[in-house]
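What follows is the residue order along each chain.
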Amino acid sequence: MAKMLLVDYEKCTGCRLCELVCSVKHTGASNPSRANVHVVKWEDEGFYLPMLCQHCVDAPCMSVCPTKAISRDEELNRVMVDYDLCIGCKACVAACPFGAMGFDEIEKKVIKCDMCDGDPLCVKFCDMKAIDYVDATTSNFERMRDASRNFAELMAKAHGG
Amino acid sequence: MDLGSFAEGPLLWIVSSLFVIGILARVAFFFSSILKTNKNKHFRWRHIVATFGRSFVPLHSVVTKKPMYAALCYIFHICLIVVPVWLSGHILLWEESRFGWNWAALPDALADWMTLLVLFLAAYFLIRRIIGADLRLNTSRSDYLLIIITALPFMTGYFLTHGNLEPIPFLGDNMRTIHVLSGEAMLIVAVFLFYRTQLSREKCTGCAACELSCPTGTLESTDKGKLRIFTYSYYQCICCGACVTTCPEEAAELRHEIGPGRFFPIVPKQEIRSVELKACERCGALFTPVPQIEKIGQLITDDFIRFCPRCKQHKYAEGFRHLAPWPKKLTIGRNMSGESQ
């Protein structure tokens, strides 16, 4: 069964442990600016949202990549960067609607969530399971779809639609 | 002493020693220049040698993109070096000289064909530059000059061995001198021949992928104010073509340039292109070159393309913030501040 990362903003405590473990896992250094997950915060409201790659089916990063270095891995239900093909043009960083891709200034390469090859470390360290690694079942997809539908309505209102 | 014997005697000595000294000086300048740059220090030498070696193997993507043109270029350059060195007439001169060196010569018929090939290809390159409209815009005077200087010794050499020029008054007597002089001119030009990456104004999006691919740090980009400026250090270029094979827009072109002024590394870096950077419409941070954003805008539709990645995250999270079921302002904080007053 393919699995997916599900974010629940109601559970997130804003501790930013996911950022730390992600950067340690991927770069060997504890440096949140090089992590693939970022927690956006409104401290005075107690609202925290971990932002990470949505592993879109029709991914914008995939369609703008000039060398076809970004591809979808159906087995793990993720979008992957092939660093042998990547030339570092950063088109994907500018294209991602969620701002989920980053550029590592030290290693000079683009970075994105790779689901830790099927064993995400952020999920292991998240006590509240605000980021959870769940089966990609219909009900879980339904939860995601509901959220995005509400989100789309809000956005339409915000843009005067 | 007339011009002919001067050209074949003292001048040849002067030119050849200038050639050897010039090439050695350029090698020295190359190493001193490359040791000064701090870019990619950890993997550099292995990377430089690997990229340089790969450029000699005709299997890179320029070959697959323009197979015909690349093949002609390879043939042209091979003939250019092989014919003068292995021509039986030249080897005879070496043997007669005070060095007394000799080596196996090319068959004369093959050398003739290779000379004709060089002349034919030089004519093709020249005509191609004159006919092609966008190519002509990107061509400077030194490009034409280089092709003519390269072709001249081959042309005169071919006439010298084959043509019967006796009836023509001036050329018949002086063909040998002209041949030697043009060969000397070619040697001098070779010392001052540099490479230069040209980034096309129309095609380049300013993504700076070429900078990442450059093994020697020749091509560099720096974000200065609202502009991203690409600079080029002539002495570090090893003509590996990594920038050309990398460029996703096919905007990079590696060109010859005759630059006597660049021989002494007076100007270490030359600006070759500047691109305007797009400012995020929310926070004002400069994040991506304008042409690249325009190109992405043609490929995908996205309202948030005007924002930098960080602001996109923020915008997106803000949408969910409005969905959150709890009140937007916490009352505890307000009460506490109220009590303290």
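Here the residue numbers are simple positions, counted from 1 along each chain's written sequence. Chain letters start at A and ligand numbers start at 1, both assigned in the order the entries are written. Local features are withheld for residues below a pLDDT of 70 in this predicted model, meaning they are given only at 70 or higher, and side-chain atom pairs are given and counted only at 80 or more; totals for whole chains, interfaces and linings count all residues. Water and hydrogen atoms play no part in the side-chain values, which are based on all heavy atoms of the structure.

Q: For this particular structure, what's the right way to read the pairing of strand 5 (residues 270-279) of chain B?
A: If a strand is regular, its side chains alternate between the two faces of the sheet. Residue and element names in this part refer to chain B. At least two DSSP bridges between two strands are required for those strands to pair. The numbering of helices and of strands both runs from the N terminus, where a helix is a DSSP run of H or I of at least 4 residues and a strand a run of E of at least 2. Summarising the sheet, strand 3 (residues 227-232) and strand 5 pair through 6 bridges and their orientation is antiparallel. In the sheet register, Arg228 faces strand 5, and the bridge partner there is Val275. Two elements, strand 5 and strand 6 (residues 286-289), share 3 bridges in a ladder whose sense is antiparallel. Each residue of the ladder has a partner; that of Ala279, found in strand 6, is Leu286. The antiparallel pairing of strand 5 with strand 6 creates a hairpin that spans 6 residues between the two strands, and Gly284 there sits at a positive phi of about 80°.

Q: I tried to follow the interface of chain B and chain A on my own but got confused; where do I start?
A: Residues count as neighbours in contact if any of their non-hydrogen atoms are within 4.5 Å of one another. Listed as interface residues are 35 residues of chain B and, on the opposing side, 36 residues of chain A. As a working definition, buried area equals the accessible area (1.4 Å probe) given up by two parts on being put together, with both sides summed. Taken together, the two surfaces of chain B and chain A that pack against each other cover about 3,400 Å², and 68% of this comes from carbon and sulfur. Between Lys or Arg on one side and Asp or Glu on the other, a salt bridge is scored when a side-chain nitrogen of the former is within 4 Å of a carboxyl oxygen of the latter. The interface formed by chain B and chain A contains 1 salt bridge. Between Glu45 of chain A and Arg321 of chain B there is a salt bridge, with its nearest N and O atoms 2.7 Å apart. Counted as a polar contact is a pair of N or O atoms within 3.5 Å, where, for protein atoms, one must be capable of donating a hydrogen and the other of accepting one, and residues adjacent in sequence contribute only when both atoms are in side chains. Linking chain B to chain A there are 5 residue pairs in polar contact (both at pLDDT 80 or more). The set of elements that each furnish at least two residues to the side of chain B that touches chain A consists of helix 11 (209-213), helix 13 (290-299) and helix 14 (309-323) of chain B. The biggest single contributor to the side of chain B that touches chain A is helix 14 of chain B, with 13 residues.

Q: Just checking my understanding: could you explain the sheet that holds strand 5 of chain B for this structure?
A: Strand pairing in a sheet is mediated by backbone hydrogen bonds. Such pairs are either parallel or antiparallel. Residue and element names in this part refer to chain B. In spatial order, the strands read 2-3-5-6; together these 4 strands make up an open sheet with antiparallel pairing. The open sheet terminates on both sides in strands that have one partner only, identified here as strand 2 (219-224) and strand 6. For this sheet the average axis-to-axis angle between neighbouring strands, irrespective of direction, equals 35°. Angular values range over 0 to 180 degrees, each being the angle between N-to-C directions of two axes fitted as lines to C-alpha atoms, with helices fitted over their stretch in contact.

Q: Teacher, can you tell me more about the environment of Ala70 of chain B here?
A: Of note, Ala70 of chain B is situated in helix 5 (residues 67-86). Linking Ala70 of chain B and Tyr235 of chain B, residues 165 residues apart in sequence, is a C-alpha distance of 25 Å.

Q: Help me understand the domain arrangement of chain B in this model?
A: Often, the extent of an interface is quoted as the loss of accessible area upon association of its parts. Those domain boundaries reflect an automatic or database domain assignment. Per the domain assignment, the segments making up chain B are domain 1 (1-40 + 57-191) and domain 2 (279-324). In this structure, domain 1 of chain B and domain 2 of chain B have C-alpha centres spaced 54 Å apart.

Q: Can you help me understand a nonpolar patch on the surface in this one?
A: All names here are of chain B. The patches described consist of residues with a relative accessible area above 30% and no salt bridge, like charges being joined within 9 Å and nonpolar side chains (Val, Leu, Ile, Met, Phe, Trp, Tyr) within 5 Å. Values of accessible area rely on a 1.4 Å probe in the Shrake-Rupley scheme; residue burial ignores everything except the protein chains shown. Residues Ile23, Val27, Phe31, Leu35 and Trp45 make up a contiguous nonpolar surface patch of roughly 440 Å² in combined accessible area. Of all the elements, helix 2 (residues 10-36) adds the most residues to the nonpolar patch, at 4 residues. By the secondary structure assignment, Ile23 is in helix 2.

Q: Before we go on, may I ask you to explain the pattern of salt bridges in this structure?
A: Between side chains of opposite charge, a pair can form as their charged atoms come close. For the structure on display, the rule yields 24 salt bridges over all chains. A salt bridge links Arg306 of chain B to Glu281 of chain B; the shortest N-O distance between them is 2.9 Å. Pair noted here: Arg306 of chain B is in the loop between helix 13 and helix 14 and Glu281 of chain B is in the loop between strand 5 and strand 6, with a separation of 25 residues, a long-range link. A residue is classified by how much of its surface remains accessible, and Arg306 of chain B, at 29% relative accessible area, is partly exposed. When accessible area is computed with a 1.4 Å probe and restricted to protein chains, residues below 20% of their type maximum are described as buried, those above 50% as exposed, and intermediate ones as partly exposed. What makes Glu281 of chain B partly exposed here is its relative accessible area of 44%. Taken together, the shared-partner salt bridges in this structure form one network comprising Arg34, Asp104, Glu107 and Lys109 of chain A.

Q: Is there a simple way to explain the packing of aromatic side chains in this structure?
A: Note on aromatic pairs: each is described by the distance of the centres and the angle between the planes. For Phe, Tyr and Trp, where Trp contributes only its six-membered ring, two rings pair if their centres lie within 6.5 Å, and the inter-plane angle classes them as stacked under 30 degrees, edge-to-face over 60, or tilted in between. Taken as a whole and judged by the stated rule, the model has 21 aromatic pairs over all chains. Seen in terms of ring centroids, Tyr316 of chain B and Phe320 of chain B are 5.4 Å apart; in terms of plane orientation they differ by 65°. Their pairing is edge-to-face. Highlighted residues: Tyr316 of chain B and Phe320 of chain B, both in helix 14, separated by 4 residues, approximately one helical turn. Per residue, the accessibility class of Tyr316 of chain B equals that of Phe320 of chain B, and both read buried. An aromatic cluster of three or more residues is present, and its members are Phe29, Phe192, Phe194, Tyr232, Tyr234, Tyr235 and Phe263 of chain B. We note Lys90 of chain A situated over the ring of Phe103 of chain A; from NZ or CZ to the ring centre the distance is 4.3 Å. A cation over a ring is seen here: Lys109 of chain A above Tyr83 of chain A, with NZ or CZ 4.6 Å from the ring centre. Comment: the charge-over-ring label is applied if NZ (Lys) or CZ (Arg) is within 6 Å of the ring centre and within 35 degrees of the ring normal.

Q: Quick question: what am I supposed to make of helix 13 of chain B here?
A: Listed in full, the buried residues belonging to helix 13 of chain B are Gln292, Ile293 and Ile296 of chain B. Summarising the axial view, the buried residues of helix 13 of chain B lie within an arc of 100°, below the 170-degree limit, and thus occupy one face. Exposed and facing more than 90 degrees away from the buried side of helix 13 of chain B are Glu294 and Gln298 of chain B. Close packing links the buried residues of helix 13 of chain B with helix 2 (60-64) and helix 3 (91-95) of chain A together with strand 5 and strand 6 of chain B. By arc we mean the arc of the directions from the helix axis to the C-beta atoms, nothing more.

Q: What is the right way to read the confidence of the model for chain A from this model?
A: Interpretation of this model should avoid reading the predicted coordinates in detail wherever pLDDT is low. Mean pLDDT over chain A: 88, with 98% of residues reaching 70 or higher. pLDDT: the predictor's confidence for each residue, scored from 0 to 100. Within chain A, helix 1 (residues 17-27) of chain A carries the highest mean pLDDT (94), whereas helix 5 (residues 138-158) of chain A carries the lowest (78).

Q: So what exactly am I meant to see when it comes to the nonpolar core here?
A: Considering soluble globular proteins, one finds that nonpolar side chains tend to be buried as a cluster. Within this scheme, the nonpolar core is defined by two criteria: the residues are buried Ala, Val, Leu, Ile, Met, Phe, Trp, Tyr or Cys, and they are joined through side-chain atoms within 4.5 Å. Core analysis: the biggest nonpolar cluster contains 63 residues, and Leu5, Ile70, Met101 and Ile131 of chain A together with Ile296 of chain B have the highest contact counts within it. Looking at this core, the element that brings in the most residues is helix 3 of chain A, giving 5 residues. Not counting residues up to four positions away in its chain, the partners in contact with Ile296 of chain B are Val64, Ala91, Ala94 and Ala95 of chain A together with Ile305 of chain B. Leu219, Cys237, Cys247 and Val275 of chain B belong to the second-largest nonpolar core, a separate cluster that totals 21 residues.

Q: Can you walk me through the packing of helix 5 of chain B against helix 7 (residues 108-131) of chain B in this structure?
A: When two helices pack together, their arrangement is given by the angle between the helix axes and the distance between those axes. All names here are of chain B. Close contact between helix 5 and helix 7 brings their axes to 9 Å; oriented N to C, the two are set at 130°. Compared by their axis directions, helix 5 and helix 7 come out oblique. Between helix 5 and helix 7 lies a crossing whose hand is left-handed. The residues of helix 7 that touch helix 5, namely those facing Tyr69, Leu72, Cys73, Ile75, Phe76, Cys79, Leu80, Val82 and Val83, are Ala111, Met114, Thr115, Leu117, Val118, Leu121, Ala122, Tyr124, Phe125 and Arg128. Looking at the contact of helix 5 with helix 7 residue by residue, the class counts come to 17 nonpolar, 1 polar and 1 charged. Note on angle classes: values under 35 degrees are labelled roughly parallel, values over 145 roughly antiparallel, values of 65 to 115 roughly perpendicular, and the remainder oblique. Note on convention: the crossing is left-handed when the near helix lies turned anticlockwise from the far helix by less than a right angle, right-handed when the turn is clockwise. Three residue categories are used. Nonpolar comprises Ala, Val, Leu, Ile, Met, Phe, Trp, Tyr, Cys and Pro, charged comprises Asp, Glu, Lys and Arg, and polar comprises the others, including Gly.

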